[in-house]
Amino acid sequence: MAASDEPYDIQARLSTIPHKPGCYLMRDRRGRIIYIGKAKDLKNRVRNYFQLHGDPRPFVRRLPQILGDIETIITASEKEALILENTLIKAHKPRYNVQLKDDKSFLSLRVDKHQKWPRVEVIRSKGSSKTKPGQRTFGPYSSAYAIRQTLQVLNKHFMLRTCPDHVLNNRSRPCLQYQIKRCPGPCVLPVDKERYQQDVNQAVMFLEGRGDELVERLREKMEHASEELEFELAARYRDQIQALEKVLERQVAVGHREVDQDAFGFYREGDRLTFQVLFIRRGRLEGAQSFSYTDQEFPDEELFSSFLNLYYNAGNHVPNEVLLPLTLEEEEVEAFEELFSELAGHRVYVLSPQRGAKRALIATAQTNARHSFEEEHAREERARDLLEKLQGRLKLKNLPRRIECYDISNLQGAQVVGSLVAFIDGEPAKSEYRHYKMRLVHGQDDFASMHEMLTRRLGKVARGDDDPPDLIVVDGGKGQLGQAMAVIEDLGLHHIDVVSLAKSRVDEVGFDDPEVTRSPERVFLPGRKNPVVLRQNSAELYLLQRVRDEAHDFAIGFHKQLRRKASLRSSLDDIPGIGPKTKRALLRHFGSLVKIKAATLEDLQGVEGVGPSTAEAIRGFFHPPGADPPAG
């Protein structure tokens, strides 16, 4: 949609917006969605932004100048508006909405009791938090470290299998976990199913936070085993008790009520804000997580409501009580309670406590939100200081907030691939990483490959389809730098800074400046004959090395992946009628080509998607009529 210079007639638009619940979508002059909100009364909510003496904040005052249109979608209820808002924000990612930028950060544990031999597995919660019957999900965990600690206790003391199903079904002898007495070996050994289920139930109790109750049960079992002279079993219970008591010591008791609670807090300065959530499970504080945002100028209640909606729809555990630091409208609270109860499968209360123990939890969450805000701000200040030093040292036109690095990988001219990695404010932005397969270049020509990759990436920037980098770093010397500058010239992107980074050669002549410590890296700049040498161990050099090494590893990883795929071509590809899906199913079921060759017709037909005719084709291919029978 082309940009319009005509001022937006907001009064005319307001006259057509109904007094009904739903969502509103604000678009800028170019037609891009910049904000999505929901309301129980669309007309009143939108009109509030344009009152004569309304919201004094700069963004709201700018709205008439940047606004291009307002769309509305009517819903039957405020609960439906909540669901629609969540869907629209995820789909359009508007600039001024809070968003959960990386759903993969929500780590949880899951136990599926419908499995023959249940195990505890790590999952990354996405989408709805609903689970299949028999499945229990625990979390979220605030970090990979926290989840590793939990798994360490589970794997060491509860004797559950750790291997995935396809490994369990294809083992012929017990693994190392059995040898070190951390698994009973159900893959190949006759295991007492009732005792295994007891271990599963105990692991679930531990994950539910019922540690005190579990310790008492284990103590009774230990004493009973000792009386029955089962000293090895009693010792195992003793070890479990000791491990659990250590975990319980680390958890902070914050209440006497054995319910699950999430206590939210937030801290704001201008358009910057941080949300904080404390996880209280059965009266114990088990963890916390913070979410920081910038460029957020809408009212607190709107942003908090939108964040809450996104957070629980991202698959996070929904507790019995959700404690909020501010008061939402009664109808909105009712809509949240209905929605969260459906997600959780049990009654959920959304509360804004004003006094007592619950208010104290909110105060703790608020304190942590402010602390997280200040830490984030300090990190950003350090990052900006580093980027300003790099800008000054390399005489860059731009502050290099977005750095992109490019690298080429090949093996004797085969499988030539390129990689792009992006760092934003000095940190990896992995969602922006890209791989490139060379389309035009054949054989080993790193210069031409670099030219092709940069042309494809920067062509999108020149067309306005992608955001431009502030600084491009290419791995190599003057040759690679020349290719990058040629692309920049061809596309007219003269505002982008370009440098190349190359390792120093041992035969180079030293530098005259006695203050410059000899560096193992050289930075080449356009129009300059000699390279810039950054001080060894300086933060600026470390950042460039980190960016370059990340691009190198990313390219090598992709190259290995392509080689592995090429080498995995097996005789299954030569069997008529066997497609990729059937091939995957066979390998997943049997685990190897050797076992597929040795399988009987009955075994083959036990694979999903393999019927009698397909099984005969596979069997006939490996054992044609008249061939010698397999040894064994």
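Residues numbered from 1 in each chain as written. Predicted model: local features only at pLDDT ≥ 70, side-chain atom pairs only at ≥ 80, totals over all residues. Heavy atoms only, no water.

### Side note on the nonpolar core
Threshold: Throughout this description, the term nonpolar core refers to a set of buried Ala, Val, Leu, Ile, Met, Phe, Trp, Tyr and Cys residues connected via side-chain atoms within 4.5 Å. Exposed residues in this analysis have more than 50% of their type's maximum accessible area, buried residues have under 20%, and partly exposed residues fall in between, with area computed by a 1.4 Å probe over protein chains only. Think of it this way: any DSSP run of H or I at least four residues long counts as a helix, any run of E at least two long counts as a strand, and we number them from the N terminus. Residue contacts are counted whenever heavy atoms from the two residues lie within 4.5 Å of one another.
Counting residues in each nonpolar core, the largest one holds 55 residues, and the members touching the most others are Met-26, Phe-264 and Phe-340. With 7 residues, the single largest contributor to this core is helix α11 (residues 300-313). Those residues within four positions of Met-26 in sequence are excluded, and the remaining contacts are Arg-32, Ile-33, Ile-34, Tyr-35, Tyr-49, Leu-63, Leu-67, Asp-69, Ile-70 and Phe-298. Membership of the second largest hydrophobic core comes to 30 residues, among which are Val-120, Phe-138, Val-200 and Leu-214.

### Looking at unusual backbone geometry
Phi at Lys-395 takes a positive value of approximately 55°, unusual for a residue other than glycine. Using a relative accessible area of 67% as the deciding quantity, one classes Lys-395 as exposed. The backbone phi angle of Asp-425 is positive, close to 55°, even though this residue is not glycine. Of note, Asp-425 is situated in the loop between β14 (414-424) and β15 (427-428). Classification of Asp-425 as partly exposed rests on a relative accessible area of 27%.

### As for the sheet that holds strand β3 (residues 67-74)
Worth spelling out the cut-off: Strand pairing requires that DSSP identify at least two bridges connecting the strands. Here, axes are lines fitted to C-alpha atoms. For helices the fit covers the stretch in contact, and angles between N-to-C directions go from 0 to 180 degrees.
Strand order in the open sheet formed by 3 strands is β2-β1-β3, and the pairing between neighbours is antiparallel. Only two strands of the sheet have a single partner each, and these edge strands are β2 (33-39) and β3. Taking each pair of neighbouring strands and ignoring which way they run, the sheet shows an average axis angle of 20°. Note: strand β1 (residues 22-28) against β2, 6 bridges, orientation antiparallel. By the bridge assignment for β2, Cys-23 is matched with Lys-38.

### Comments concerning the packing of aromatic side chains
Threshold: Centre distance within 6.5 Å is the pairing criterion for rings of Phe, Tyr and Trp, where only the six-membered ring of Trp is used; planes under 30 degrees apart are then read as stacked, over 60 as edge-to-face, and the remainder as tilted. A ring has a charge above it when a Lys NZ or an Arg CZ is no more than 6 Å from the ring centre and no more than 35 degrees off the ring normal.
Within the structure shown, the criterion is met by 22 aromatic pairs. A centroid spacing of 6.2 Å and a plane angle of 45° characterise the contact between Tyr-24 and Tyr-35, whose relative ring orientation is tilted. Of this pair, Tyr-24 sits in strand β1 while Tyr-35 sits in strand β2, placing them 11 residues apart in sequence. In this structure, Tyr-24 and Tyr-35 share a single accessibility class: buried. A centroid spacing of 6.5 Å and a plane angle of 75° characterise the contact between Tyr-293 and Phe-307, whose relative ring orientation is edge-to-face. Of this pair, Tyr-293 sits in strand β10 (residues 284-293) while Phe-307 sits in helix α11, and the two are 14 residues apart along the sequence. Residue classification places Tyr-293 among the buried positions, given a relative accessible area of 6%. For Lys-193, the ring lying beneath its charged end belongs to Trp-117, and the centroid distance is 5.8 Å. Sitting above the plane of the Tyr-349 ring, Arg-347 keeps its charged end 4.5 Å from the centroid.

### Structural notes on the side chain of Asp-199
Among the secondary structure elements, Asp-199 is positioned in helix α8 (residues 193-207). Take Asp-199: its relative accessible area is 7%, and that puts it in the buried class. If we skip the residues at most four places from it in the chain, Asp-199 touches Phe-158, Met-159, Leu-160 and Arg-236.

### Overview of the confidence of the model for the chain
Test applied: Note: pLDDT gives the predictor's confidence per residue, expressed from 0 to 100.
When the pLDDT values of the chain are averaged, the result is 80; 84% of them are 70 or greater. By mean pLDDT, the top-scoring element of the chain is strand β11 (residues 321-323) (94), and the lowest-scoring one is strand β7 (residues 252-253) (50). Taken as a whole, residues 126-130 scores under 50 in pLDDT and shows 16 contacts with residues more than four places along the chain or in a different chain. Taken as a whole, residues 509-517 scores under 50 in pLDDT and shows 9 contacts with residues more than four places along the chain or in a different chain.

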